[in-house]
Amino acid sequence: MTTQALDEIKIGGLGSSRKRVEDDRFIRGKGNYTDDVVLPGMLHMEILRSPLPHARIKSIDTSKAWAVPGVHLVLTGEMMATRNLAWMPTLSYDTQAVLATDKVRFQGQEVACVIADDPYIAKDACELIEVDYEALPPIVNPWQGLEPDAPVIRDDKVGQDGNVIYNWEVGDKAGTDRAFEQADLVSKLELHYPRSHPSPIECCGSVADFNRATQKLTVYMTTQAPHIIRAAVAMVAELPEQMIRIISPDIGGGFGNKVPVYPGYVCSILASILLERPVKWIEDKTGNLISTGFARDIYLKGEMALRKDGKILGVRMHTDADHGAFFSDAQPSKFKIGLMHSAFAAYDIPAAHLTARGVYTNKAPGGVAYRCSFRVTEAMFFQERMVQAAAADLGIDQAEFRRMNFVRDDDFPHRTPFGFLTDSGQYAKCLDVGLKAIDYENFRKEQAEARKQGRLLGLGISTMTEPLGAGNSREYDILGIKMFDSAELKIHMTGKAILRTGAKSQGQGHETTWAQIVAHELGIPADDITVEEGDTDTAPFGMGTYASRSTPVAGAAVAMVSRKIRAKARKLAAHLLEVSEEDVEWELGRFYVRSAPQRGVSIQECAMAAYSNMPDGMEPGLENTAYYDPPNLTWPFAVYIVTVEVDRETGVWDVLRMVAVDDCGVRINPMIVEGQIMGGLTEAYAMASMQFITFDADGNCVGSNYMDYLLPSAWETPGYELHSEVVTPCPHHPIGAKGIGECAAVGGPAAFVNAVMDALEETGVRNIDMPVLPDRVWEAITYRRDVS
Ligand code: CDP
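Residues numbered from 1 in each chain as written. Predicted model: local features only at pLDDT ≥ 70, side-chain atom pairs only at ≥ 80, totals over all residues. Heavy atoms only, no water.

Undergrad: Looking at this structure, how should I read the pairing of strand β11 (residues 205-211)?
TA: Each regular strand displays side chains that alternate between the two surfaces of the sheet. For β11, a buried count of 5 out of 7 residues is recorded, marking the element as mostly surrounded by other parts of the structure. Taken together, the 4 bridges between β11 and strand β14 (residues 279-282) define a ladder with antiparallel strand orientation. Looking at β14, one finds that Gly205 is bridged to Ile282. Hairpin connection of β11 to strand β12 (residues 216-221): 4 residues between the antiparallel strands, including Gln215 at a positive phi of 65°. (Buried < 20%, exposed > 50% of the residue type's maximum accessible area, 1.4 Å probe, protein only. Helix = DSSP H or I, 4+ residues; strand = E, 2+ residues; numbered from the N terminus. Pairing = 2+ DSSP bridges.)

Undergrad: Could you clarify how one ought to interpret the packing of helix α11 (residues 376-394) against helix α19 (residues 743-759) in this entry?
TA: For any two helices packed against each other, one specifies the crossing angle of their axes together with the interaxial distance. Put simply, α11 and α19 touch, their axes get as near as 8 Å, and they point 30° apart. The angle between the axes of α11 and α19 places the two elements in the roughly parallel class. For α11 against α19, the interelement crossing comes out right-handed. Here Val376, Thr377, Met380, Phe381, Glu384, Arg385 and Gln388 of α11 lie close against α19, whose contacting residues are Ala745, Val746, Pro749, Ala750, Val753, Asn754, Met757 and Asp758. Residues belonging to the contact of α11 with α19 are distributed by class as follows: 9 nonpolar, 3 polar and 3 charged. (Axes fitted to C-alpha atoms, helices over the stretch in contact; angles between N-to-C directions. Parallel < 35°, antiparallel > 145°, perpendicular 65-115°, else oblique. Left-handed = near helix turned anticlockwise from the far one by under 90°. Contact = heavy atoms within 4.5 Å. Nonpolar A, V, L, I, M, F, W, Y, C, P; charged D, E, K, R; others polar.)

Undergrad: Could you clarify how one ought to interpret the environment of Ser342 in this entry?
TA: Along the chain, the position of Ser342 falls in the loop between β16 (312-322) and β17 (351-359). Sequence separation between Ser342 and Gly419 is 77 residues, and the spatial gap between their C-alpha atoms is 8.6 Å. Those residues within four positions of Ser342 in sequence are excluded, and the remaining contacts are Val376, Ala379, Met380, Phe420 and Pro467.

Undergrad: Would you explain the domain arrangement of the protein in this entry?
TA: Interface size is commonly expressed as the accessible area that is lost once the parts come together. Annotation of the protein at the domain level lists domain 1 (3-31 + 485-628), domain 2 (34-136 + 203-251 + 258-291) and domain 3 (375-468 + 633-783). Centre-to-centre separation of domain 2 and domain 3, based on C-alpha positions: 40 Å. Across the contact, 6 residues belong to domain 2 and 10 residues belong to domain 3. Taken over both partners, the interface formed by domain 2 and domain 3 buries close to 630 Å², and the fraction arising from carbon and sulfur atoms is 60%. The interface formed by domain 2 and domain 3 holds 0 salt bridges in total. Linking domain 2 to domain 3 there are 4 residue pairs in polar contact (both at pLDDT 80 or more). Grouping the amino acids of the side of domain 2 that touches domain 3 by side-chain chemistry returns 3 nonpolar, 2 polar and 1 charged. (Domains from an automatic or database assignment. Buried area = accessible area lost by both parts, 1.4 Å probe. Salt bridge = Lys/Arg side-chain N within 4 Å of Asp/Glu carboxyl O. Polar contact = N/O pair within 3.5 Å; in protein donor to acceptor, adjacent residues only side chain to side chain.)

Undergrad: Whenever I open this one, the site of the ligand confuses me. Can you help?
TA: Around the ligand, the structure places 24 residues, and the nearest of them are Gln508, Ser550, Thr551, Val666 and Ile740. Take His510: an N or O atom from its side chain is 2.7 Å from an oxygen atom of the ligand. Within the contact set of the ligand, a nitrogen atom lies 2.7 Å away from a backbone nitrogen or oxygen of Val666. Contact with the protein chains covers 98% of the free accessible surface of the ligand, which is 520 Å². For the shell around the ligand, the secondary structure elements donating two or more residues are α15 (510-522), α16 (550-577) and α18 (670-689). Each residue belonging to the shell around the ligand can be placed in one class, and the counts come to 9 nonpolar, 12 polar and 3 charged. Here the shell around the ligand gathers at least three residues from each of two domains, domain 1 (3-31 + 485-628) and domain 3 (375-468 + 633-783). (Near = heavy atom within 4 Å. Areas by Shrake-Rupley, 256 points an atom, 1.4 Å probe, with all protein chains shown as cover.)

Undergrad: Teacher, can you tell me more about the pattern of salt bridges here?
TA: It is possible for side chains bearing opposite charge to pair when their charged atoms get close. Tallied over the entire structure, the rule returns 60 salt bridges. Ionic pairing is found between Asp155 and Arg56, a salt bridge with its closest N-O pair at 3.2 Å. Placement of Asp155 in the loop between α6 (142-146) and β9 (164-171) and of Arg56 in strand β2 (residues 55-61) is noted, with a sequence separation of 99 residues between them. With a relative accessible area of 38%, Asp155 lands in the partly exposed category. The residue Arg195 makes a salt bridge to Asp322 at a minimum N-O spacing of 3.8 Å. A residue pair is termed long-range when its members are at least 10 positions apart, and Arg195 in strand β10 (residues 185-196) and Asp322 in strand β16 qualify at 127 residues. Both residues of the pair, Arg195 and Asp322, belong to the buried class.

Undergrad: When you look at the environment of Cys113 in this model, what are you seeing that I'm missing?
TA: Within the element layout of this structure, Cys113 appears in strand β7 (residues 110-116). We classify Cys113 as buried; its relative accessible area is 0%. Residues Cys113 and Cys267, spaced 154 residues apart in sequence, show a C-alpha to C-alpha distance of 7.5 Å. Apart from the residues within four sequence positions on either side, Cys113 is in contact with Met45, Glu46, Ile47, Leu73, Val74, Leu75, Leu99 and Cys267.

Undergrad: How do you make sense of the sheet that holds strand β31 (residues 653-663) when you look at a structure like this?
TA: One key point about sheets: their strands pair by backbone hydrogen bonds, in either a parallel or an antiparallel sense. If you trace the 4 strands from one edge of the open sheet to the other, you get β20-β30-β31-β34, paired in mixed fashion. The open sheet has two edge strands with one neighbour each: β20 (456-465) and β34 (721-723). Taken over all neighbouring pairs, the strand axes of this sheet differ in orientation by 15° on average, direction set aside. The pairing of strand β30 (residues 637-646) with β31 spans 10 bridges and is antiparallel. Note on β31: the bridge partner recorded for Glu645 is Asp654. Sitting on the sheet, helix α14 (residues 440-452) is in contact with β20, β30 and β31, with an inclination near 145° to β20.

Undergrad: Explanation requested: the sheet that holds strand β25 (residues 529-533) in the structure shown.
TA: Judged by pairing direction, the sheet is mixed, and its 4 strands sit side by side in the order β25-β24-β23-β29 without closing on themselves. Here the strands that pair on one side only, and so sit at the sheet edges, are β25 and β29 (623-628). Shown here is a sheet whose adjacent strand axes are inclined to one another by a mean of 15°, direction ignored. Strand contacts of α15: β23 (485-491), β24 (497-501) and β25, with the helix running at about 130° to β25, the strand carrying the most contacts. Its contacts with the sheet place α16 against β23, β24 and β29, and it is angled at close to 145° to β29.

Undergrad: Mind showing me how you'd approach the packing of aromatic side chains here?
TA: Two aromatic rings are characterised by how far apart their centres lie and by the angle between their planes. The full count for this structure, using the stated rule, is 25 aromatic pairs. Ring centres of Phe484 and Phe541 lie 6.1 Å apart, and the angle between their planes is 40°; this geometry places the pair in the tilted category. Residue Phe484 is found in the loop between β22 (481-482) and β23, and its partner Phe541 is found in the loop between β25 and α16; the two are separated by 57 residues along the sequence. Grouped by ring-pair contacts, the aromatic residues Phe344, Tyr347, Phe406, Phe412, Tyr427 and Phe637 constitute a single cluster. Seen from the ring of Phe294, Arg195 lies directly overhead, with NZ or CZ sitting 4.5 Å from the centre. The cationic tip of Arg316 hangs over the ring face of Phe180; the distance from NZ or CZ to the ring centre is 4.0 Å. (Phe/Tyr/Trp six-rings, centres within 6.5 Å; stacked < 30°, edge-to-face > 60°. Lys NZ or Arg CZ within 6 Å of the ring centre and 35° of its normal.)

Undergrad: What's the story with a nonpolar patch on the surface in this structure? I'm lost.
TA: A cluster of nonpolar side chains, contributed by Ile201, Tyr706 and Leu711, occupies part of the molecular surface with about 270 Å² of accessible area. If you trace the backbone, Tyr706 turns up in the loop between β33 (701-702) and β34. Looking at Tyr706, the relative accessible area reads 30%, which means it is partly exposed. (Patch = residues over 30% accessible without salt bridge, like charges linked within 9 Å, V, L, I, M, F, W, Y side chains within 5 Å.)

Shown next, in the form of structure tokens:
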């Protein structure tokens, strides 16, 4: 390491595994979450949810609820409708019921709210509301929804005929058809990526506080994107934007679940406006699991055109996405199925074509980007399962098959088969590091020996690259709002600083890492910098945190605003050193005279001068704001390799080893990056092995609590061996960083499934759908058939 790099580590700059500053308050129980907010005169709101998945509402009688002592307000859809708030727009140009008026469309849908002195009174009063439902047949999968005589779920929408939401296509159809004509072999695979739930430990909630005297509305809420909420409230409730203050206090995990606008937020706001008192709504776990944004639930059909030497000539993909009753996931407006077409970005494939169809069903809104960029998790899972199946069909080693089809290091910038532009990566090198770490050749020998003894060992590889950091604003917007982000930095006169960004951490450690970027750029020790996010009255406008966009966009803005500060500090230094600006050089934390390096001033001395000794004509102060619109997305790359042993008697599979090689460019804080990878791999393991929210034929949600919907504990979670030796800096990011937060959750699931499928090679079974539960594995082994 250079002396400069060592000096930088000392002040907590780039590359320092600085301890997370936010953890002091979290582990001492001193965090400030939405449920910790207590305001004078605060009331409590509870929601009555529909027990039926599809039913016409004949009448709602709230009289008994109103009569309960301590009840202040009972809200119904009819009352919301008088204020034009029974429906709200979604992030995907659809509409969603706030409180049902005409029909309920999924089990758990919000039907009424009670606001009372405490949550127990409110809950009891909810149970006294009498709703007369006329049950309608439920639709629990896209195939039922597509039947010609299927009931139309969204009969509220003018012009809606049937249950199809969209039909979308992307890619080169003619070129792909030609590739299939030239193929020696066509490999096919069909999969279902099941519905899963981001399931943050903290559920959703809000405390709305409308002050009639000041006309100011303050809302504390669990949102990953406070500025977007402020804009939405201003537009939907027609309140002046400057009179709305959204505060996201500490958030106990988001994973995409806290991006959408939920009815509970809207109702608590309206209740506070009507009652002129603060109103708190805190969702319980079942409410969160059955009604808030689900992820995945997508059926995939793929075909790969192959030459017999192993070259992939083309890919055809079709997806049917089950979006539930309202199409409400966030997505860039131009891409109906999120960024599903990032599939195969790491492979050099001449032609590809994707068709995508979205269908309404009687389920809670789905398709939320659970720890992923829109739909990249599904894309990478599909890709890596298909690649493994194709290698097996060709009889080529799966590692070799990947290597021969990877985009090569000197092929960048590379246009992907669906039109993205990737700019950097060392894919084969990452694979080599992974294969060496898992001792690939030896494992294959061990596996062959084990097979002779009847034992089933398997090895699964998954690779991924994904587009992280939306925008650029040319291509990415949500509801027309361009995707960029921001940072504002104020250096106090003593050289300490406060930094605010438009992002919002939900546990990712921004308070730690953003300060490290400033330390790197300005030489101010990270411990001297306070980081604040989440308050729309103080933070600059930003699009929030999801899709691992914080480092690529807000993190870049932090570097850029620091550079603006440095440019002004240089002028101050020249003034203090009595030389011209051109004669001033910079090193970490200090300007000096080029011809006399011992004559210098620190950044702290420049800060003091900005308030006490600035040159004539210079505006006082040392602060600035940067809005950053990235030229491109960042493209991290990863290789995950898992080995497993499957018990042929029970179908139980155990992870023997898991190796992860992540290349996210320059790592700001290596320890935090490792934490992100371990967390993501654990979620990947959960999806692959145990998580299961399904619906019975009557539309009942199975998986509405933690007895049925499983989170892996430390006991089940396998150990991970992480590798960080491959670093390909992002060519356009100011500090060379790429996003990392979601990579492991995106790429991990296929590694586990591929490992089990590899162990089951002798059965000839092509696919077991996730979760790969022991009974499914047993069925595959016993009956030698695919299991879905
Ligand atoms: O948007 P989100 O914060 O969820 O994801 P991210 O930008 O990938 O960052 C997750 C955490 O890892 C943040 O604390 C980042 O600053 C940190 N990180 C890092 O230290 N180095 C990178 N190259 C990427 C992220």
